[in-house]
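Residue-level structure breakdown
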Amino acid sequence: MISLDLGWDVLGVYVENQVSVGLQGSSVGLALALGFGAAYACYYLTSIAKKPKLIAGGKKFYEFLRDHCPVVTETYYPPFWCWESRVQTLLRPFVTAKPWVSYRNELIRAPDGGQISLDWFDNDSSTSHPDPSSRPTVLLLPGLTGTSRESYILHMVQQSRELGYRCVVFNNRGVSGEKLLTPRTYCAANTEDLEMVIEHVQKTHPAAPIMAAGVSMGGMMLANYLGRKGRRTCLKGVVVFSAGWDVFECTASLEKPLDRFLFNSYLTSCLQASVHRHRPVLEKNYDIDHVMKAKTIREFDERFTSIMFGYPTNDDYYRDASPIHKLKSVQVPMLCLNAADDVFSPNHAHGSCYYY
């Protein structure tokens, strides 16, 4: 029989060995974790965090932006845990807060009998601009199927409220719940509705300066408008976020297998849902069944958008919708911001853009 003392001795040696092995294992694990963390931090600081590339059409505007808008020259640090563009896009709806904004809605009639929904934030509590007649107005243009309730629009309204400005959101036809009265929606190339809205805002507040900001397709429409109007506009300044400068390159990017799966199919379904919602009006002029079978944005545009706006081919529409061809005609200050890793507007597609 083994003595009790011997049993305790054996148990003590066993525990001592296990503790020793455990400590060694913990040390190795800690070293690996620290090494991985240091490597990740080094990669993040050297390859992910970067300063924007600021390009201007003139020295005066470049110096103005550098002095008064420092964010365009400061190093941008994306979220340490989520810096990849696709992941950011997918997670944004789940992590973005929506400020509360109370709008005043206005429906205006277009010459063709259609109606356009404008959502106003009057900011009557403004202390920096208490006189409503001269209170600066910011016109906001949402993205492809966006409305005044998008989180990025609400944040812009909140920022404008803090500055004491008034805002008005231009909702494209049929997207914000209003009835589509005529068989016509919207596209990036046609700026007739935008021109009418700008004229309406100016007539409503003739003494107030007007600025504008557009996101994604809203930015494309705004840039195309400025390229066509030149100096013949009342807008004092414009900001364009994440515009697709070359539509051919943008659609090609979205047709890559992964991006088609993650984004293209979803956006196409959103466009089709809008068409289906107004089917009774649209089916008089268009083959809606054919439109609803589209699998990509390009197919949707071939079957619907280019036909609606009278283009001989979809390529003609894409060429006219690409703001990159009109930038040199812009005659008012316009700041354009694009992410270098934007899936919707790849970096090489706006390499020849200038910021005016």
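Residues numbered from 1 in each chain as written. Predicted model: local features only at pLDDT ≥ 70, side-chain atom pairs only at ≥ 80, totals over all residues. Heavy atoms only, no water.

Our working rule: UniProt positions are given in the numbering used here, feature names are shortened, and annotations may be inferred rather than shown by experiment.
As named in an unreviewed UniProt entry, the protein chain is Phospholipase ABHD3, taken from Pygocentrus nattereri. Comment text from UniProt for the protein chain, heading Subcellular location (unreviewed entry), reads "Membrane". Per UniProt, the protein chain has the following entry under Sequence similarities (unreviewed entry): "Belongs to the AB hydrolase superfamily. AB hydrolase 4 family."

A word on the packing of helix α7 (residues 247-254) against helix α12 (residues 314-321)
Definition in use: Angles here are taken between N-to-C directions and fall from 0 to 180 degrees, while the axes themselves are lines fitted to C-alpha atoms, restricted in helices to the stretch in contact. Strands here mean DSSP runs of E at least two residues long; helices mean DSSP runs of H or I at least four residues long; both are numbered from the N terminus. Angles below 35 degrees are treated as roughly parallel, those above 145 as roughly antiparallel, those between 65 and 115 as roughly perpendicular, and all remaining angles as oblique. A contact between two residues is defined here by any heavy atoms of the two lying within 4.5 Å. Nonpolar residues are Ala, Val, Leu, Ile, Met, Phe, Trp, Tyr, Cys and Pro. Charged residues are Asp, Glu, Lys and Arg, and all others, Gly as well, are polar.
At a minimum axis distance of 8 Å, the contact between α7 and α12 shows a crossing angle of 110°. When the axis of α7 is compared with that of α12, the two are roughly perpendicular. Two secondary-structure elements touch here, α7 through Val247, Phe248 and Thr251 and α12 through Asp315, Tyr318, Arg319 and Ala321. Of the residues contributing to the contact of α7 with α12, the split by class is four nonpolar, one polar and two charged.

A word on helix α5 (residues 192-204)
Operational definition: A helix is expected to span 1.5 Å multiplied by its residue count minus one. To sort residues, take the accessible area from a 1.4 Å probe on protein chains only and compare it with the maximum for the residue type: under 20% means buried, over 50% means exposed, and anything in between is partly exposed.
End to end, α5 covers 18 Å across 13 residues, agreeing with the expected 18 Å (1.5 Å per residue, within 8%). Buried within α5 we find Asp193, Leu194, Met196, Val197, Ile198 and Val201.

Comments concerning the side chain of Thr296
Mapped onto the elements, Thr296 comes out in the loop between α10 (288-291) and α11 (297-308). Accessibility expressed as a relative area gives 4% for Thr296, which makes it buried. What Thr296 contacts, discounting residues up to four positions off in sequence, is Glu255, Arg260, Asn264 and Thr268.

Quick look at unusual backbone geometry
Phi at Asn123 is positive, roughly 55°, even though this residue is not glycine. A relative accessible area of 3% places Asn123 in the buried class.

Thoughts on a nonpolar patch on the surface
Condition: Residues enter patches when their relative accessible area tops 30% and they take part in no salt bridge; the joining distance is 9 Å for like charges and 5 Å for the nonpolar side chains Val, Leu, Ile, Met, Phe, Trp and Tyr. Computed with the Shrake-Rupley method and a 1.4 Å probe, the accessible areas treat only the protein chains shown as cover for residues. Between Lys or Arg on one side and Asp or Glu on the other, a salt bridge is scored when a side-chain nitrogen of the former is within 4 Å of a carboxyl oxygen of the latter.
Where nonpolar side chains cluster on the molecular surface, the patch consists of Phe80, Trp81, Phe94 and Val95 and spans about 540 Å² of accessible area. Secondary-structure assignment places Phe80 in the loop between α2 (59-68) and α3 (85-95).

Some points on the pattern of salt bridges
Going through the model one piece at a time under the given rule, you end up with 18 salt bridges. A salt bridge links Arg104 to Asp122, with the shortest nitrogen-to-oxygen separation between them at 2.9 Å. Taken together, the residues Arg104 in strand β1 (residues 104-109) and Asp122 in the loop between β2 (115-121) and β3 (137-141) connect sequence positions 18 residues apart. Here Asp193 makes a salt bridge to Arg184, at a shortest N to O gap of 3.8 Å.

A short note on the environment of Pro206
Structurally, Pro206 is set in the loop between α5 and β5 (210-215). Looking at Pro206, the relative accessible area reads 66%, which means it is exposed. As for Pro206 and Leu144, which are separated by 62 residues in sequence, their C-alpha atoms are 30 Å apart.

Section: the environment of Tyr165
Mapped onto the secondary structure, Tyr165 falls in the loop between α4 (151-163) and β4 (166-171). Exposure remark for Tyr165: the relative accessible area of 21% places this residue in the partly exposed category. A C-alpha to C-alpha distance of 9.5 Å links Tyr165 and Pro132, two positions 33 residues apart in sequence. Setting aside its immediate chain neighbours within four residues, Tyr165 contacts Asn123, His129, Arg135, Pro136, Val138, Ser160 and Met211.

Some words on the environment of Phe241
Looking at where Phe241 falls in the secondary structure, it is placed in strand β6 (residues 235-241). Among the residues examined, Phe241 registers a relative accessible area of 26% and is labelled partly exposed. Sequence spacing of Phe241 and Pro78 is 163 residues, and the spatial spacing of their C-alpha atoms is 17 Å. Those residues within four positions of Phe241 in sequence are excluded, and the remaining contacts are Met156, Ala213, Gly214, Val215, Ser216 and Leu337.

Regarding α12
Worth spelling out the cut-off: Arc, as used here, means the arc of the directions from the helix axis to the C-beta atoms.
Regarding α12, the residues found buried are Asn314, Tyr317, Tyr318 and Ala321. The buried residues of α12 occupy one face: seen down the axis, they fall within an arc of 95°. Buried residues in α12 make contact with α6 (217-229), α7 and α11.

Points about the packing of aromatic side chains
Here is the rule: Side-chain rings of Phe, Tyr and Trp (the six-membered ring for Trp) are treated as a pair once their centres are within 6.5 Å; stacked means planes under 30 degrees apart, edge-to-face means over 60, and tilted covers the remaining angles.
What the rule picks out here adds up to eleven aromatic pairs. Seen in terms of ring centroids, Phe248 and Tyr318 are 5.8 Å apart; in terms of plane orientation they differ by 80°. Their pairing is edge-to-face. One end of the pair, Phe248, is in helix α7; the other, Tyr318, is in helix α12, and 70 residues separate them in sequence. Ring centres 5.4 Å apart and planes at 65° place the aromatic pair Tyr286 and Phe304 in the edge-to-face group. Of this pair, Tyr286 sits in the loop between α9 (279-282) and α10 while Phe304 sits in helix α11, and the two are 18 residues apart along the sequence. What makes Tyr286 buried here is its relative accessible area of 14%. Classification of Phe304 as buried rests on a relative accessible area of 2%. What links up through ring pairs into an aromatic cluster is the set Phe36, Tyr40, Tyr44 and Phe80.

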